[in-house]
Each structure stands twice: as structure tokens, then as C-alpha cells.
Amino acid sequence: MISTDKLNTIVNDITNNYKDNDLFYIKEGHCMPNRDTIIHIILGLRQIMFPGYFDSENLSHTNPTYFVGHNITKLYEALSCQVKAALIQQEKDNADDYEISKKVSDICCRFFSSLANIQNMLTKDVQAAFDGDPAAKTKEEIIFCYPGLFAIFVYRLAHELYKMDVPFIPRIMTEYAHSHTGIDINPGATIGEYFFIDHGTGVVIGETTEIGNNVKIYQGVTLGALSTRSGQLLRDVKRHPTIEDNVTIYSSASILGGETVIGEGSVIGGNAFITESVPAGTRVSVKTPELVTVNKVNDHKNK
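Model, not experiment: these values are computed from the prediction.

Turning our attention to the packing of helix α2 (residues 35-49) against helix α3 (residues 64-91). Geometrically, a packed helix pair is captured by the angle between its two axes and the distance between the axes. Where α2 contacts α3, the axes come no closer than 10 Å and their chain directions differ by 155°. As far as their axial angle goes, α3 and α2 are roughly antiparallel. In this structure, the crossing between α2 and α3 has a hand that is left-handed. Mapping the contact onto sequence places T37, I38, H40, I41, G44, L45, Q47 and I48 in α2 and F67, N71, I72, L75, A78, L79 and Q82 in α3. Split into classes, the residues belonging to the contact of α2 with α3 amount to 9 nonpolar, 6 polar and no charged.

When you line up the elements, A135 lands in the loop between α5 (115-132) and α6 (139-145). The partly exposed category is assigned to A135, whose relative accessible area is 43%. The sequence separation of A135 and Y66 amounts to 69 residues, and the corresponding C-alpha distance is 36 Å. Once residues lying within four places of it in the same chain are set aside, the contact partners of A135 are E141 and Y146.

Let us look at the layout of surface pockets. In this model, the largest pocket occupies a volume close to 720 Å³. For the lining of the largest pocket, the residue count by class is 7 nonpolar, 8 polar and 6 charged. When its volume is computed, the second largest pocket comes out at roughly 150 Å³. Lining the second largest pocket are 11 residues; nearest its centre among them are R171, N186, G206, E207 and H240. Its residues placed into classes, the lining of the second largest pocket shows 3 nonpolar, 4 polar and 4 charged.

Parameters at a glance
- Residues numbered from 1 in each chain as written.
- Predicted model: local features only at pLDDT ≥ 70, side-chain atom pairs only at ≥ 80, totals over all residues.
- Heavy atoms only, no water.
- Axes fitted to C-alpha atoms, helices over the stretch in contact; angles between N-to-C directions.
- Helix = DSSP H or I, 4+ residues; strand = E, 2+ residues; numbered from the N terminus.
- Parallel < 35°, antiparallel > 145°, perpendicular 65-115°, else oblique.
- Left-handed = near helix turned anticlockwise from the far one by under 90°.
- Contact = heavy atoms within 4.5 Å.
- Nonpolar A, V, L, I, M, F, W, Y, C, P; charged D, E, K, R; others polar.
- Buried < 20%, exposed > 50% of the residue type's maximum accessible area, 1.4 Å probe, protein only.
- 1 Å grid on protein atoms, 1.4 Å probe; cavity = no way out; pocket = protein on both sides within 12 Å on 5 of 7 lines; lining within 4 Å.
- Points joined across faces, edges and corners; volume = space filled by probe spheres on them.

The values are spatial; any link to function lies outside them.
In C-alpha cells, the structure reads:
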């Protein structure tokens, strides 16, 4: 068992570090958004977006109007509390409770009003996955099983909150999806309709990426920035590429830089490393290395 003197030393060493405000942010009336509650909101919204797939209720025996209304009422209250906590934490000592409450109400109303449009976008994403993957037997399989669709679903929710300048919560949402799928989509990225991520593990899509309609990407693709050694000086600067409509990007390709544009209808081959723009309709591939084989069996017989 640890001695009292040793315990006191450990406690004092740790609590002395609390004098650093970067570590100890808790103040009276302040708290960070709750990650578990945000995950609960994500899963609740998934039940609304894909009714009958992830809930325990049999909707054939339930009034859909009641189902949606009841769940939105609960999720609205939960999200309001989390948005308020995030805004208060951002404002810190300058927080005005009345103004923040007004802002929370506006944000939540706008967010829940956007759900029907997000649902329409997700329907198109499901269609893109079904059309683009011959291994998909049904759309139900895509909704139930595909990690790419789950990552896109969470991104589309988080992106709405990001556009409304909600702090913390959009990134908490997409990092939850990242931890479950291996797909890292920053909530600031702009992604069009009919988006499909095949397989998905290792995909990275940076904050200022712009992706058009009907784009398909495979595992290991990075849509990233060039050197970010300037750090915070690059905030609000476009650092990530633009991918135009009808582009396919194969596995492990890296496309970097805010001025890099992949033109409409282009195909980017696997393992390509691109830091310059590509004209529309271009096929880019890495030169295939020479394959050398050695017949060890014959070599052994000749000895």
C-alpha cells in the first residue's frame, strides 16, 4: 500500500500543475460538453434517419409521427444542453446567459430543421455505395454494415453544427466516427452528393477540403495539407485540395495542398502522390515497378 507521505507528494505534484489553465479549465458554472451524451445524440439521430434499422421499436405498430416527434423532443433538449456548455466554455468569463440561451435556441432550431435535407443527402450516399460496389447485395446491407456510410452520416450532422460555429461538438462527433471506422473526416470539409468511401480504413479528409458530386474514394486516401509548420498562422486558410465532380481516387493516394484541384472526371491511381492540379478527364497512375521473380526450386536443383 502507498504510504501517506508518498501519496501527499504525488497529490501535491499533480495539483500544482492545475495552476496551468491549459490543464485545469473547470470554473464555477462552466463545464465541457459531455462526450457520452453527444454519442447518445448521434445514435438517436441515426434511429430517426434510418427508421426501423437501429431502434428496438417495431414501427409497423408505431405511429411514425409520434416516433419522430418523441425522439426529436428528447434529442433537442439533450443537444441544447451540450451546445450551451460548449458556448459557455468558449466565451468563458464573457459569457452572457441570456445571449447564449438565445443563440442555443437558434442553433438547435436550425440544426433540427436541416435533418430532412441531411436525410435526403444520405439516401443519395446509400445509392452511390450500392451503385459503386458490386459486393453490396442490398441497400439494407450498406446501411447496417458499411463503415464508410456511418462516417459520412456523422460528418453530415457535424458539418451542420460546424457551419453554425458551434465549438467542440462537431469535432467530438467526427472523432467518435473516426475511432469506430478508421475514417477521419474533419467536420469543416465540404462534400457534395452521392459520396462513397469504399472499405474506408485510413481515409483522411482535411478541414478545408472541397469535394464535388459523385466522388468515390478508396481506403488509405489522404486529402491533406502541405507542410503545416506555420501552425495557427494557417487558420482559415485553404490548406486542402479541391476534388471536382465524378472523380475516383484509388487506395493510398495522397492529394495535398490548398491550390491543388483534381479536375472533373479524373481517375487517380493507387499510391499516387499529388501536389499540383490535374486537368479534367485525366488518368493519373504511378509507373508500375519491374517485377522480378526468382525460381528457387530450379536454383536448388541446379546446385
